[in-house]
Amino acid sequence: MIDGIGKSGAGRIELTRSPAGQAAAAAAPAGSPDASGRSASLGSMVSDLVALGPPVETDKVSALRQAIAEGRYRVDPDAIADRMIAADLAR
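Please read all numbers here as calculations on a predicted model, not as lab measurements. (Residues numbered from 1 in each chain as written. Predicted model: local features only at pLDDT ≥ 70, side-chain atom pairs only at ≥ 80, totals over all residues. Heavy atoms only, no water.)

How do you make sense of the overall build of the protein when you look at a structure like this?
The number of helices and strands found in the protein is four helices and zero strands. For the protein, the proportion of its 91 residues judged to be buried stands at 4%. Surface accessibility of the protein: about 8200 Å² in total, with carbon and sulfur atoms responsible for 60%. (Helix = DSSP H or I, 4+ residues; strand = E, 2+ residues; numbered from the N terminus. Buried < 20%, exposed > 50% of the residue type's maximum accessible area, 1.4 Å probe, protein only. Areas by Shrake-Rupley, 256 points an atom, 1.4 Å probe, with all protein chains shown as cover.)

Quick look at the structure:
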């Protein structure tokens, strides 16, 4: 049985919204000496990742778009199903 798509329960990643600053306060107590250091370090890491840009292979995307536009791109539903099952069984 495939349960990886639309999965609910312990394996599902949920987005939660919290008031600003609550996550930082949970990571380290407000009076702790490294609370602001962690925040600055996290901000630096985020800035570095943003500067790198999205993890997209633009050459492959362009080739796929061109193949779709020219009618050369074919979808293989059996291969898609096989990979979905294999990915789910790997867990």
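Teacher, can you tell me more about a nonpolar patch on the surface here?
A surface patch of nonpolar side chains, about 560 Å² in accessible area, is lined by Leu 64, Ile 68, Tyr 73, Val 75, Ile 80 and Met 84. Elements with a minimum of two residues in the nonpolar patch: α3 (58–69) and α4 (77–89). Mapping Met 84 onto the fold places it in helix α4. (Patch = residues over 30% accessible without salt bridge, like charges linked within 9 Å, V, L, I, M, F, W, Y side chains within 5 Å. Salt bridge = Lys/Arg side-chain N within 4 Å of Asp/Glu carboxyl O.)

Looking at this model, I keep getting lost on the pattern of salt bridges. Mind explaining?
For side chains bearing opposite charge, pairing can occur when the charged atoms are close. On inspection of all chains with the given rule, the structure shows two salt bridges. Lys 60 is the salt-bridge partner of Glu 57, the closest N and O atoms lying 3.6 Å from each other. Take Glu 57 and Lys 60: they sit in the same class, and that class is exposed. For Glu 70, the salt bridge identified is with Arg 72, shortest N-O distance 2.6 Å.

So what exactly am I meant to see when it comes to α3 here?
Across its twelve residues, α3 extends 16 Å between first and last C-alpha, which sits within 8% of the 16 Å expected from 1.5 Å per residue. At the C-terminal side of α3, Gly 71 shows a positive phi close to 80°. (Expected span 1.5 Å × (residues − 1).)

I keep staring at the environment of Tyr 73 and nothing clicks. Help me out?
If you trace the backbone, Tyr 73 turns up in the loop between α3 and α4. Along the chain, Tyr 73 and Ala 63 lie ten residues apart, while their C-alpha atoms are 9.9 Å from each other. The residues contacting Tyr 73, other than those within four sequence positions of it, are Leu 64, Ala 67 and Ile 68. (Contact = heavy atoms within 4.5 Å.)

Sorry, what's going on with the confidence of the model for the protein here?
Low pLDDT marks stretches whose predicted atomic positions should not be read closely. In this model, the protein carries an average pLDDT of 75, and 60% of its residues clear a pLDDT of 70 or more. Below a pLDDT of 50 lies the segment residues 21–25, which in the model reaches zero contacts outside its immediate sequence neighbourhood of four places, other chains included. (pLDDT = per-residue confidence, 0-100.)

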